[in-house]
Amino acid sequence: MASRLQLGSDNTVLLRVTHSNIKTFSAAVRFDLEMSVEAAKEKLWKKCGTTVDHMFLELYDDASSKICDLIDNARPLGFYSPLDGYHIKIIDLDPSSISSGGWLEDTSLVKKYEISEEAYDKLDCNFRKFKEKILSQNATTQENILSGNHMEELCKSIKVGDRCEVEPGEKRGTVKFVGKAENVAPGFWIGVQLDEPLGKHDGMYVMFFLKLLLVVP
């Protein structure tokens, strides 16, 4: 509900502003009651784009009942006695306004740039080619880092039940798995159950997978 208690020290009013063409436009704007209607239009022009010459203002109360039209540009806004919570509706009178017909809201009205698959593939540089290049580089890098027999020699000297220490962190534990883990990564892996409740797996990946760096008694 609009407040009818207007403090003498505050000569402003907070109004809700909407637009006849832009259905999604709604803003709370504070106005000086001593500013002219024309000055208020100048302020609103910067917010909605409707020019002052093509702007018509209607004033509504907080119950959406129309009070009056702000037809005299020279009168101060306070002449029409707006209260906090009242509503000003901007009527755009420009028949060729860019906001008419939903042009500022309905993206389906905007013609989209289209290109055929054949023409897209012929481009020297496009996102599809960039993505394929990155995926290829990653696959090559992964293959170079971890081959199918990665860590095989080390794993030959380790058996389940060995005590070990893993790095970094100097965490000690017991070897629970030695072999390939295809669902984790290429190469040979060692699953370690740490003595302390640490690690990022709960056994779903055959215990806790860490590269074994040092076997200890």
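Conventions used here
Residues numbered from 1 in each chain as written. Predicted model: local features only at pLDDT ≥ 70, side-chain atom pairs only at ≥ 80, totals over all residues. Heavy atoms only, no water. Pairing = 2+ DSSP bridges. Helix = DSSP H or I, 4+ residues; strand = E, 2+ residues; numbered from the N terminus. Axes fitted to C-alpha atoms, helices over the stretch in contact; angles between N-to-C directions. Contact = heavy atoms within 4.5 Å. Salt bridge = Lys/Arg side-chain N within 4 Å of Asp/Glu carboxyl O. Buried < 20%, exposed > 50% of the residue type's maximum accessible area, 1.4 Å probe, protein only. Polar contact = N/O pair within 3.5 Å; in protein donor to acceptor, adjacent residues only side chain to side chain. Phe/Tyr/Trp six-rings, centres within 6.5 Å; stacked < 30°, edge-to-face > 60°. Lys NZ or Arg CZ within 6 Å of the ring centre and 35° of its normal. Core = buried A, V, L, I, M, F, W, Y, C linked by side-chain atoms within 4.5 Å.

A. Quick peek at the sheet that holds strand E2 (residues 26–32). The strand order across the open sheet formed by five strands is E2-E1-E5-E3-E4, and the pairing between neighbours is mixed. What marks the edges here is a single partner per strand, and that holds for E2 and strand E4 (66–69). Averaged over neighbouring strand pairs, the angle between their axes works out to 35 degrees when direction is ignored. Against the sheet, helix H1 (residues 37–48) engages strand E1 (12–19), E2, strand E3 (55–60) and strand E5 (87–92), with an angle of about 105 degrees to E3.

B. The pattern of salt bridges, seen in detail. The full count for this structure, using the stated rule, is 10 salt bridges. Here Lys66 and Asp69 are joined by a salt bridge, their closest N and O atoms 2.8 Å apart. Classification of Asp69 as partly exposed rests on a relative accessible area of 26%. What emerges from the salt-bridge pattern is a single network uniting Glu58, Lys66 and Asp69.

C. Representation of the side chain of Glu58. Tracing the backbone shows Glu58 in strand E3. A distance of 2.6 Å separates the side chain of Glu58 from the side chain of Tyr60, its partner in a polar contact. In this structure Glu58 touches Lys66, Cys68, Asp69, His87, Ile88, Lys89 and Ile91, once residues within four positions along its chain are discounted.

D. Seen up close, the packing of aromatic side chains. Following the criterion strictly, the structure yields two aromatic pairs and no others. Ring plane angle 90 degrees and centroid distance 5.2 Å describe the contact between Phe79 and Tyr80, whose orientation is recorded as edge-to-face. Judged by centre distance (6.4 Å) and plane angle (40 degrees), the ring pair of Phe127 and Phe130 falls under tilted. Note that Phe127 and Phe130 are positioned in helix H3 (residues 127–145) at a spacing of three residues, about one turn of the helix. A cation over a ring is seen here: Lys43 above Phe31, with NZ or CZ 5.3 Å from the ring centre. In this arrangement the basic side chain of Arg75 is found over the ring face of Phe79, its NZ or CZ atom lying 3.9 Å from the centre.

E. The arrangement of the nonpolar core in detail. Residues Phe31, Leu44, Leu57 and Leu70 are the most contacted members of the largest nonpolar core, which totals 24 residues. Counting residues per element, the ones that place at least two in this core are E1, E2, H1, E3 and E5. For this core, the element with the highest residue contribution is H1, accounting for four residues. Core analysis: the second largest hydrophobic core is formed by nine residues, Cys155, Ile158, Phe188 and Leu194 among them.

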